[in-house]
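# Structural description and commentary
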Amino acid sequence: GLSTEKLMEKMEQQLPEDVYRLLKEIGETASELETPVFLIGGIVRDILLDRPNEDIDIVAEGDGIRLARGLKDAYGGEVVEHESFGTATWLTTSGLSIDVVSSRLEYYEKPAALPEVETSVLGDDLQRRDFTINAMAIRLNEEAFGELIDPFGGQLDLVNKNIRILHNISFIEDPTRIFRAIRFEERFGFRMDEQTEKFALESIDKVVHVSPQRINEEMKRLFKEGKPEKVLRRLFQLQVFQQFGIQEAQMEAACTSATTLVKLYWEQAQTESAIDEEQPSAFEYFLLPFYGDDKLFASAKFALTKKDLNLLEEITELQTETNWSEATQPGDIHLRLHTYSDEAILFVLAAEQIPGHDSVIAYLHLRRSLSKLLTGADLMTAGMKPGPHFSAILLNMEACQLNGDITSKDDALQWLSNYEENRIREVTADEIDTR
Ligand code: CTP
């Protein structure tokens with residue numbers, strides 16, 4: 001195990017200076033209040049892994065609210081109390097938010113266990129957690145700052161790259177932990193140990209009892225974390241998909257598309273000077289097979305949000321559009337695709353394995369930096385009567401902009417007057433025709 005000195009050193013190196021100082025202050029205040037206090041959960045794991053994390057969860061053995069008040073008295077800031085939960089959030093003057101949780105009162109009230117009360121109360125909290133790597137704590141009290149509390153061998157599992165549950169019914173108690181396990185596997189490059197995987201498989205039929213909202217959230221978190229095709233295969237391997245009726249062939253098709261999507265995305269990211277979007281979600285790959293067959297089922301089963309549904313709607317619509325990817329001029333592509341989001345377009349390019357998608361990708365770049373040269377007001381100033389044709393005119397102008405034929409507002413106004421003339425000429429020609 002890691003010595004207290006070593007861990008203290010690690011904390012000092014790992015954590016931002018203000019966070020480290022704050023933890024020391026918390027320990028000092030808690031010692032004055034004779035309250036054992038611990039840093040707990042994900043941040044402990046990440047300190048040991050040398051990974052950044054500033055999600056500070058504190059457990060006080062005793063009254064967490066009193067500790068939060070004491071911290072406010074000593075160092076300022078604000079305290080938000082949640083009386084019925086025995087928890088409080090201390091908002092520090094430097095803008096950090098520290099959650100302080102009281103350890104459970106039923107244990108606190110057991111006077112006979114006094115000498116052991118400290119470890120058993122904390123132990124009880126740790127025991128409720130999902131995996132050994134998340135079930136560690138670091139003592140913050142002044143006299144023992146930096147002492148690692150690791151009753152389940154989490155530190156060794158970090159070294160061995162193991163995701164391991166604490167007891168046999170962990171997944172049955174909370175089937176969302178199966179998603180969490182895969183998420184941690186992907187994030188850290190770890191693997192469930194044999195026993196844990198066996199228990200996951202044995203309790204897999206319980207995932208259908210998880211609320212659709214939770215499934216939706218967990219899926220999205222999962223796909224954000226790992227390579228989509230790896231996540232998809234792992235979900236299949238652990239029989240998660242099968243619980244929702246997804247067949248192997250559907251999964252394989254989704255994997256192929258997912259791989260292409262990621263590739264397309266990175267191609268795009270590399271040519272983009274700054275990308276502010278997130279990696280496209282592969283959640284839709286998981287959903288699409290259902291969605292095509294039974295929309296109501298899919299939206300009920302996975303609590304699809306309006307945004308999810310819109311995207312799926314766009315995707316299915318775009319998939320029925322013919323030859324849309326054959327246009328090569330960005331302006332022509334724009335006339336066909338202007339209503340579709342980047343995400344939907346990328347998705348369909350990937351899903352259909354469309355060759356020669358370069359021009360569509362190039363179009364997406366251009367579209368992103370498209371500036372608005374004219375508005376409806378400009379058209380009116382030019383003497384045109386407002387109406388639904390305004391959007392058609394503006395769209396045509398954008399198409400010329402994308403083709404590089406219009407680069408300034410002057411160009412645009414010039415184009416507009418030609419456009420008007422052409423239109424008048426067409427109308428006159430029509431009139432001559434009909435005569
Ligand atoms: N936890 C759990 N079972 C769950 C969800 C959470 O036991 N189904 C516990 C874990 O011990 C975890 C802690 O609650 O460490 C906090 O949960 P969360 O913030 O979701 O996870 P982190 O471990 O902090 O992971 P992340 O880095 O993704 O925030």
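Details of the structure are given in the entry above.
Here's what I pulled together on the structure shown here.

Criteria and cut-off values
- Residues numbered from 1 in each chain as written.
- Predicted model: local features only at pLDDT ≥ 70, side-chain atom pairs only at ≥ 80, totals over all residues.
- Helix = DSSP H or I, 4+ residues; strand = E, 2+ residues; numbered from the N terminus.
- Buried ≥ 20, exposed ≤ 12 C-beta atoms within 10 Å, placed from the backbone.
- Pairing = 2+ DSSP bridges.
- Contact = placed C-beta atoms within 7 Å.
- Axes fitted to C-alpha atoms, helices over the stretch in contact; angles between N-to-C directions.
- Arc of directions from axis to C-beta.
- Core = buried A, V, L, I, M, F, W, Y, C linked by C-beta atoms within 7 Å.
- Domains from an automatic or database assignment.

### Side note on the overall build of the protein
Along the protein, the regular secondary structure elements total 23 helices and nine strands. Out of the 435 residues belonging to the protein, those deemed buried represent 35%.

### A few points about the sheet that holds strand β2 (residues 57-60)
Backbone-to-backbone hydrogen bonds pair the strands of a sheet. The strands run either parallel or antiparallel. Read across the sheet, seven strands follow the order β3-β4-β5-β2-β1-β6-β7 without closing on themselves; strand pairing throughout is mixed. Strand pairing shows two members of the sheet lacking a second neighbour, β3 (78-82) and β7 (148-149), which therefore form its edges. Pairing of β3 with strand β4 (residues 87-91), which is carried by five bridges, proceeds in the antiparallel orientation. The residue of β4 that forms the bridge with His-82 is Thr-87. Each of β1 (37-40) and β2 touches helix α2 (residues 17-32); the most contacted strand, β1, lies at about 150° to it. Helix α4 (residues 64-75) contacts β1, β2, β3, β4 and β5 (97-102) of the sheet and is inclined by roughly 15° relative to β4.

### Here's the deal with helix α10 (residues 194-202)
Taken as a whole, α10 has its buried residues at Thr-196, Phe-199 and Ala-200. Buried residues along α10 cover an arc of 105° about the axis, so they all sit on one side. When the buried face of α10 is taken as reference, the exposed residues oriented beyond 90 degrees from it are Glu-194, Gln-195, Lys-198 and Glu-202. Turning to α10, the residues buried within the fold contact β8 (162-163), α8 (170-173), α9 (176-188) and β9 (191-192).

### Topic: the nonpolar core
General note: in soluble globular proteins, nonpolar side chains tend to be found buried as a group. Ranked by size, the top nonpolar core spans 88 residues in total, and within it Phe-38, Leu-39, Ile-58 and Ala-137 carry the most contacts. It is helix α19 (residues 342-352) that provides the largest number of residues to this core, a total of eight residues. Built from parts of two domains, this core gets at least three residues from each of domain 1 (4-159) and domain 2 (246-368). Residues within four places of Phe-38 in sequence aside, it is in contact with Ile-58, Val-59, Leu-122, Ala-137, Ile-138, Arg-139, Leu-140 and Ile-149. One finds Leu-374, Ile-406, Ala-412 and Leu-416 within the second-largest nonpolar core, a separate group that totals eight residues.

### A short note on the pairing of β5
Bridging between β2 and β5 involves four bridges; their strand directions are parallel. Residue pairing across strands places Ile-58 opposite Val-100, the latter belonging to β5. Note: β4 against β5, five bridges, orientation antiparallel. Across the sheet, Thr-87 pairs through a bridge with Val-101, a residue of β5. Once β4 ends, the chain turns through five residues before running back antiparallel as β5, passing Gly-95 with a positive phi of about 90°.

### A short note on the environment of Gln-242
Tracing the backbone through its elements, the reader meets Gln-242 in helix α13 (residues 240-243). Classification of Gln-242 by C-beta neighbours within 10 Å gives partly exposed; the count is 15. For the pair formed by Gln-242 and Arg-423, sequence separation is 181 residues and the distance between their alpha carbons is 59 Å.

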